[in-house]
Amino acid sequence: MKILVLIHEYPPVGGGGGAAAGDICQGLARRGHEIKVLTAHCKGLPLRETIGKIDVMRLKSLRRQPYRAEFLQMGAYVLAGLWAGLRLIGCWQPDVIHVHFAVPAGALAWMLSRLSGVPYVLTAHLGDVPGGVPEKTGKWFRWVYPLTPAIWQGARRVVAVSEFTRQLALQHYPVEIQVIPNGVDLSRLNPGGVLVNDTPRIVFAGRFVPQKNPLLVVESLANLCDLPWECVMLGDGPLFADVKRAIANHGLEERFTLPGWVTPEEVIAWLSKSDILFMPSLSEGLPVVGVQALAMGLAIVASRVGGFVDLVVNGENSYLFSPHDPQEIMRNLRSLLESRDFLHKARLRSRELAHAFDVTSVVDRYENILNEVVR
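Visitor: So what about the packing of aromatic side chains? Which residues, and what values?
Guide: In this description, a pair of aromatic rings is defined by centroid distance and the angle of the planes. If you walk through the whole model with that rule in mind, you get seven aromatic pairs. Between Trp152 and Tyr173, the aromatic rings sit 4.4 Å apart at their centres with planes inclined by 10 degrees, giving stacked as the arrangement. Of this pair, Trp152 sits in helix H5 (residues 149–154) while Tyr173 sits in the loop between helix H6 (163–170) and strand E8 (178–179), placing them 21 residues apart in sequence. Across the pair, exposure class does not vary: Trp152 and Tyr173 are buried alike. An angle of 55 degrees between the planes, with centres 5.9 Å apart, marks the rings of Tyr319 and Phe342 as tilted. Placement of Tyr319 in strand E14 (residues 318–321) and of Phe342 in helix H12 (residues 340–353) is noted, with a sequence separation of 23 residues between them. On the basis of relative accessibility, which here comes to 17%, the residue Phe342 falls in the buried class. One aromatic cluster in this structure is built from Tyr145, Trp152 and Tyr173. Across the ring face of Trp92, the terminal group of Lys36 is positioned such that the distance to the ring centre comes to 5.3 Å. Cation over ring: Lys273 sits above Trp270, and NZ or CZ is 4.2 Å from the ring centre.

Visitor: Help me get a handle on the packing of helix H7 (residues 214–222) against helix H8 (residues 240–249), residues and values and all.
Guide: Packing of H7 against H8 brings their axes to within 9 Å, and their N-to-C directions diverge by 10 degrees. Compared by their axis directions, H7 and H8 come out roughly parallel. Judged by residue contacts, Pro214, Leu215, Val218 and Glu219 of H7 engage Asp242, Val243, Ala246 and Ile247 from H8.

Visitor: Could you give me a rundown of the sheet that holds strand E1 (residues 2–6), with the residues and numbers involved?
Guide: Spatially, the eight strands line up as an open sheet ordered E3-E4-E2-E1-E5-E6-E7-E8, and their pairing is mixed. Each edge of the open sheet is held by one strand with a lone partner, namely strand E3 (48–51) and E8. Two elements, E1 and strand E2 (residues 34–40), share five bridges in a ladder whose sense is parallel. Its bridge partner being in E2, Lys2 is matched across the sheet by Glu34. The strands touched by helix H2 (residues 71–92) within the sheet are E1, E2, strand E4 (54–59) and strand E5 (96–100), with E2 carrying the most contacts at an inclination of about 160 degrees.

Visitor: Give a detailed account of the sheet that holds strand E10 (residues 230–234), specifying residues and quantitative values.
Guide: On the basis of which strands lie adjacent, the open sheet formed by six strands has the order E11-E10-E9-E12-E13-E14 and parallel pairing. In the strand order of this sheet, the two ends are held by strand E11 (256–260) and E14, each with one partner. Each adjacent strand pair in this sheet contributes to an overall mean axis angle of 15 degrees, direction not counted. Sheet topology places strand E9 (residues 201–205) next to E10; five bridges connect them, and they run parallel.

Visitor: Any chance you could break down unusual backbone geometry for me, citing the residues and the numbers?
Guide: Each neighbour pair has its own omega, and for Pro11 with Pro12 the value is 10 degrees, a cis peptide bond. Checked against the element boundaries, Pro12 lands in the loop between E1 and helix H1 (16–30). Residue Pro104 follows Val103 across a cis peptide bond; omega there is 10 degrees. In this fold, Pro104 is placed in the loop between E5 and helix H3 (105–116). With a phi angle near 60 degrees, Asn213 is a residue other than glycine that sits in the positive phi range. Counting through the fold element by element, Asn213 comes out in the loop between E9 and H7. Relative accessible area serves as the criterion here: at 17%, Asn213 is assigned to the buried category. In this model, Ser318 sits at a positive phi of 120 degrees, which is unusual for a non-glycine residue. The exposure class of Ser318 is buried, given its relative accessible area of 0%.

Visitor: Summarise H6; cite the residues concerned and give the values.
Guide: All of the buried residues along H6 are Thr165, Leu168 and Ala169. Down the axis of H6, the buried set is contained in an arc of 100 degrees. They therefore lie on one face. The inward-facing, buried residues of H6 contact strand E6 (120–124), H5 and strand E7 (157–160).

Visitor: So what's going on with the side chain of Glu328? Which residues, and what values?
Guide: By the secondary structure assignment, Glu328 is in helix H11 (residues 326–338). Every residue in contact with Glu328, bar those within four places of it in the chain, is listed here: Arg304, Leu320, Phe321 and Ser322.

Visitor: Account for the side chain of Asp23, with residues named and values stated.
Guide: As for its placement among the helices and strands, Asp23 is situated in helix H1. Buried charged residue Asp23 carries no salt bridge. Nearest counter-charge: Arg188, at 4.4 Å. Beyond its immediate sequence surroundings of up to four residues, Asp23 is in contact with Gly183, Arg188, Val359 and Val363.

Parameters and conventions
Residues numbered from 1 in each chain as written. Predicted model: local features only at pLDDT ≥ 70, side-chain atom pairs only at ≥ 80, totals over all residues. Heavy atoms only, no water. Phe/Tyr/Trp six-rings, centres within 6.5 Å; stacked < 30°, edge-to-face > 60°. Helix = DSSP H or I, 4+ residues; strand = E, 2+ residues; numbered from the N terminus. Buried < 20%, exposed > 50% of the residue type's maximum accessible area, 1.4 Å probe, protein only. Lys NZ or Arg CZ within 6 Å of the ring centre and 35° of its normal. Axes fitted to C-alpha atoms, helices over the stretch in contact; angles between N-to-C directions. Parallel < 35°, antiparallel > 145°, perpendicular 65-115°, else oblique. Contact = heavy atoms within 4.5 Å. Pairing = 2+ DSSP bridges. Arc of directions from axis to C-beta. Lys, Arg positive; Asp, Glu negative; His and termini not counted. Salt bridge = Lys/Arg side-chain N within 4 Å of Asp/Glu carboxyl O.

Structure follows, in structure tokens:
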């Protein structure tokens, strides 16, 4: 098949949704499918390059930061993609379009499909669903929501990355939606022997935005100074300076590491050296970093929201908590940090649970859907 992939943020730009799309593209390309990706350009990246066997074309659309896409920038991507997409479809003639995120790329897929007749499959990641990330997209959806039902109804198939995302989408769009979780390559993400660090390392990975709640990482660990730990917080965003300030106010500079925005490969490298993934998010789809942490054998302490409930068996590979209950968070972290035996068992259990998210089965399911649509 010739598959045109539309997504406004593709690695190394963006977060978990882009990483998941990249894994699916690589998996399909390894099976002999021809993949071209139309995505947004960001400073420092080439306008066109081959990644693996994938032809990645980046469109100039005003994007300046890898961790943030503003509404105007997403609109510019749609406009640039309409012209570039029509030219590409005319000369390359793809069999199907696979679009990630109903907003903004879904709008581009809908227009290209209407103009060319090429069908599209939509994958929703949560932030593109009304109410999924209200603190980030609530204002946007007040304006664009009336335009979005056509995007969902025009897709030949609709996929959500978690049951939580599916149920939220069904409140707004009465279409058939199936769940395919984000996956990881377990052969590549293999920690080998799982050993607890002498000083347990805690890792947070994500945008420094209210949805990810990074300040709660600092406040929680500041109350556990009597225990041995060190923490690395991977990412960047508007709350980065606030996080750095909070660390300094608690006098914890020597116990925190803030590398800033890092590549997907660097995220995996940090996970391989860590023991606990700590994610106090206020909302999530199916976080790719959570699946990666399972594969790398990390215990997970995470909010009882969205897709995290699919990744954590409470009391086995660690704990889920309410992000609004600081005492529950500290109890969970303390139980791991005080017992190396429990931490080791939780890490081993995560690796076992990771087999349910092997990217091979994820790619199998997408390949079947795309084939059905083409037929």
